[in-house]
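Next come the chains, spelled out residue by residue.
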Amino acid sequence: MAQALRPNTGVGSLFATDGKSHPVQHALMAVTLVLGVVSFVTAQFDSLHLLSSWTGLVGILAGAYGQWISETTRERFFLILGLGASGVGFFLGMAHGGLFGGLW
């Protein structure tokens with residue numbers, strides 16, 4: 001009967017938290033989102049393929065590690081948004097010239 005004593009405030013909420021501080025997870029979430037936005041925006045320009053591909057790659061790696069250590073739904077939600085933007089930016093950057101500027 002312990003569940004009857006505990007208030008059920010976070011059910012169904014996307015932004016529910018466990019009430020604890022997660023500074024590493026929040027930092028990775030912010031880094032992944034920023035890198036994803038930079039990668040996605042710069043991928044729209046052919047001449048910025050180096051920036052978009054590298055920020056996309058680092059964003060994918062940071063987001064993957066963030067997913068591995070994330071503890072709440074809110075962290076996972078924003079990590080997926082950042083990962084998606086990083087992935088799109090990375091692949092468009094690769095299509096426009098790649099990580100090393102088309103040297104090979």
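Procedures and definitions
Residues numbered from 1 in each chain as written. Predicted model: local features only at pLDDT ≥ 70, side-chain atom pairs only at ≥ 80, totals over all residues. Heavy atoms only, no water. Helix = DSSP H or I, 4+ residues; strand = E, 2+ residues; numbered from the N terminus. Expected span 1.5 Å × (residues − 1). Buried < 20%, exposed > 50% of the residue type's maximum accessible area, 1.4 Å probe, protein only. Contact = heavy atoms within 4.5 Å. Axes fitted to C-alpha atoms, helices over the stretch in contact; angles between N-to-C directions. Parallel < 35°, antiparallel > 145°, perpendicular 65-115°, else oblique. Left-handed = near helix turned anticlockwise from the far one by under 90°.

A. Molecular detail of the environment of Ala 30. For Ala 30, the location among the structural elements is in helix H2 (residues 23-42). For the pair Ala 30 and Leu 79, spaced 49 residues apart in sequence, the C-alpha separation works out to 8.4 Å.

B. Quick look at helix H3 (residues 49-69). Between its terminal C-alpha atoms H3 stretches 30 Å, which fits the 30 Å expected from 21 residues at 1.5 Å a residue. By the burial criterion, the buried members of H3 are His 49, Ser 52, Ser 53, Thr 55, Gly 56, Gly 59, Ala 62, Gly 63, Gly 66 and Ile 69. Next to the buried residues of H3 lie H2 and helix H4 (73-96).

C. Examining the packing of H3 against H4 more closely. Between H3 and H4, whose axes approach to 7 Å, the crossing angle comes to 150 degrees. With respect to H4, the axis of H3 lies roughly antiparallel. The handedness of the crossing between H3 and H4 comes out as left-handed. The residues of H4 that touch H3, namely those facing His 49, Ser 52, Ser 53, Gly 56, Leu 57, Gly 59, Ile 60, Gly 63, Ala 64, Gly 66 and Gln 67, are Arg 76, Leu 79, Ile 80, Leu 83, Ser 86, Gly 87, Gly 89, Phe 90, Gly 93, Met 94 and His 96.

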